[in-house]
Amino acid sequence: MAENNAKVQNENGKVELKKNKAPMNVTRGFFLCKKTILYICLILLGVLCLVPFMLTIVNATRDGHDIMTSFTLIPGDKTMVNLKTLFQKINIFRGMFNSLIVALPSTLLSAYFSSITAYALAIYKFKARGPVFAITVVFMMIPGQLSLIGFYELCKELGMIDTYWPFILPAVAAPGAVFFLRQYVLSILPRTLLEAARIDGGSEIYIFHRIVLPLMGPGIATMAIGGFIGSWNNYLMPLILLTTKDKFTLPLLMSTLNDAMDIAKNQGTIYMGVAVSVIPIIIVFCFCSKYIIGSITAGGVKE
């Protein structure tokens, strides 16, 4: 950091260069103030993001009449009553199990096949690489609702109505995940590492599974969190394709809770169901977050 110097004359008549530290202190104070303001803004933003979740937890402990007539951040005393009513109305554990059957395989399939596709598009050079990537981007921008009628007719012809296959198999081809992981591979994967592995005699499949896949861990974990949450919260497709109540996923089961109860009277029970339904999502995030903040190039070499 630059300092202003001033020439002064000492008692012996010699001219000396004296450092002026005042500007340094001013600059340091400016950056400290800027950093403090930034931290305060980030803390306020974090608290603002947590407010809806806090309100859900608090309202899950209150009576429906109190929720409709007042606002507070102080928990109530109706937790056990709301839990008892919730378990009487719906089999929430069955809904969680059904959602897990859908979300877990679709997330694993999407993570593996998207990563291997992204690796091929990023590393290998072939004639169709450009068109394939362009088609991937185009499909990523098309809303899924546009193909809803055609997808339903396809599932009907294949005999997959009222089954979980329509929610699991399409995860093999996830354009958004392929695009994200391709950009991630281009930014973190050193080509010298691949060349060294090939010189040592490693096959392409071996290189991908033993070298590339661990390096892609943080990106795959980030993508997997979003994919799992999307599959867990999917409501429209199960509403159209599932007809047996025992096969209903958790969001669809929660909608039946609204129909089976007096909404104004049992708001606390509905909030309790929402609060219970987000617990698996929090567990998944806590499990994957350590991979996100982990070293991106652990075990790699520098270019």
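Anything mentioned here points back to the structure above.
Now for a quick tour of the structure. (Residues numbered from 1 in each chain as written. Predicted model: local features only at pLDDT ≥ 70, side-chain atom pairs only at ≥ 80, totals over all residues. Heavy atoms only, no water.)

1. Some remarks on empty space enclosed by the protein
Heads up, the condition is: The method works on a 1 Å grid over the protein atoms by themselves. A cavity is a set of points holding a 1.4 Å probe that cannot get out, a pocket is an open set with protein on both sides within 12 Å along at least five of seven lines, and residues with an atom within 4 Å of a point line them. Grid points are joined across faces, edges and corners, and a volume is the space filled by probe spheres set on the points. Under the scheme applied here, ten amino acids are nonpolar (Ala, Val, Leu, Ile, Met, Phe, Trp, Tyr, Cys and Pro), four are charged (Asp, Glu, Lys and Arg), and all others, including Gly, are polar.
This structure, assessed with the given rule, holds one cavity of 30 Å³ or more. Taken together, Val 102, Phe 167, Ser 231, Asn 234, Pro 238 and Thr 249 make up the full set of residues lining the largest cavity. Partitioned by chemical class, the residues of the lining of the largest cavity number three nonpolar, three polar and no charged.

2. Here's the deal with the packing of aromatic side chains
As a reminder, the rule being used: Between the rings of Phe, Tyr and Trp (Trp by its six-membered ring), a pair exists once the centres lie within 6.5 Å; its type follows the angle of the planes, with under 30 degrees stacked, over 60 edge-to-face, and the other angles tilted. Relative accessibility thresholds used throughout: buried, under 20% of the residue-type maximum; exposed, over 50%; partly exposed, between the two (1.4 Å probe, protein chains only).
The final tally for this structure, using the stated rule, is eight aromatic pairs. Judged by centre distance (5.5 Å) and plane angle (20 degrees), the ring pair of Phe 87 and Phe 93 falls under stacked. Residue class for Phe 87 comes out partly exposed when judged on its relative accessible area of 40%. Here Tyr 119 and Phe 208 contribute two aromatic rings whose centre-to-centre distance is 5.5 Å and whose plane-to-plane angle is 45 degrees, an arrangement assigned as tilted.

3. Section: a nonpolar patch on the surface
What counts is decided by this rule: Without a salt bridge and with relative accessible area above 30%, a residue can belong to a patch; like charges are then joined within 9 Å and nonpolar side chains (Val, Leu, Ile, Met, Phe, Trp, Tyr) within 5 Å. Surface accessibility follows the Shrake-Rupley procedure with a 1.4 Å probe radius. Residue values consider only the protein chains on display as shielding. Only one rule defines a salt bridge in this text: a Lys or Arg side-chain nitrogen within 4 Å of an Asp or Glu carboxyl oxygen. Strands here mean DSSP runs of E at least two residues long; helices mean DSSP runs of H or I at least four residues long; both are numbered from the N terminus.
Together, Leu 38, Tyr 39, Leu 42, Ile 43, Leu 45, Val 47, Leu 48 and Val 51 make up a nonpolar patch on the protein surface, roughly 770 Å² of accessible area in all. In this fold, Tyr 39 is placed in helix H1 (residues 22-59). Residue classification places Tyr 39 among the partly exposed positions, given a relative accessible area of 47%.

4. Let's talk about the pattern of salt bridges
Counted according to the given criterion, the structure contains two salt bridges. For Lys 247, the salt bridge identified is with Asp 162, shortest N-O distance 3.9 Å. Residue Lys 247 is found in the loop between helix H12 (236-241) and helix H13 (250-260), and its partner Asp 162 is found in the loop between helix H6 (148-158) and helix H7 (165-168); the two are separated by 85 residues along the sequence.

5. Looking at the nonpolar core
Rules: Definition used in this section: a nonpolar core is a set of buried Ala, Val, Leu, Ile, Met, Phe, Trp, Tyr and Cys residues joined via side-chain atoms within 4.5 Å. By definition in these notes, contact holds between two residues if any of their heavy atoms fall within 4.5 Å.
In this structure, Leu 86, Ile 90, Phe 167 and Trp 232 are the most contacted members of the largest nonpolar core, which totals 33 residues. Of all elements in the fold, only helix H4 (92-123), H6, H7, helix H11 (217-232), H12, H13, helix H14 (267-277) and helix H15 (279-292) reach the threshold of two or more residues within this core. Of the residues forming this core, the biggest block, five residues, is contributed by H13. Residues contacting Ile 90, with those up to four places away along its chain left out, are Leu 253, Met 254, Thr 256 and Leu 257. With 23 residues, the next largest nonpolar core counts Ala 118, Ile 188, Ile 207 and Met 216 among its residues.

6. A word on the layout of surface pockets
Counted as a void, the largest pocket has a volume near 1,100 Å³. Together, 36 residues line the largest pocket, and Pro 170, Ala 171, Ala 173, Ala 174 and Pro 175 are the ones closest to its centre. The leading source of residues in the lining of the largest pocket is H4, at seven residues. Its residues assigned to classes, the lining of the largest pocket comprises 21 nonpolar, 15 polar and no charged.

7. A look at the packing of H4 against helix H8 (residues 175-188)
To be explicit about the condition: Interaxial angle, 0 to 180 degrees, is taken between N-to-C directions of lines fitted to C-alpha atoms, where a helix line uses only the stretch in contact. Roughly parallel means an angle under 35 degrees; roughly antiparallel means over 145; roughly perpendicular covers 65 to 115; every other angle is labelled oblique. By convention, the crossing between two helices is left-handed when the near helix turns anticlockwise from the far helix through less than a right angle, and right-handed when the turn is clockwise.
Two elements in contact, H4 and H8, have axes separated by 8 Å at closest approach and are oriented at 50 degrees. Here H4 lies oblique to H8, going by the angle between them. Where H4 crosses over H8, the handedness of that crossing is right-handed. Residue-level contacts link Ser 110, Ala 111, Ser 114, Ser 115, Thr 117, Ala 118, Leu 121, Ala 122 and Ile 123 of H4 to Ala 177, Val 178, Leu 181, Arg 182, Val 185 and Leu 186 of H8. Here the residues of the contact of H4 with H8 are counted per class, giving ten nonpolar, four polar and one charged.

8. Remarks on the side chain of Thr 256
Selection criterion: In protein, a polar contact requires one atom able to donate a hydrogen and another able to accept it; more generally it is a pair of N or O atoms within 3.5 Å, and residues adjacent in sequence count only if both atoms are side-chain atoms.
Its location among the elements puts Thr 256 in helix H13. One polar contact links the side chain of Thr 256 to the main-chain carbonyl oxygen of Leu 253, over a distance of 2.4 Å. Apart from the residues within four sequence positions on either side, Thr 256 is in contact with Ile 90 and Phe 248.

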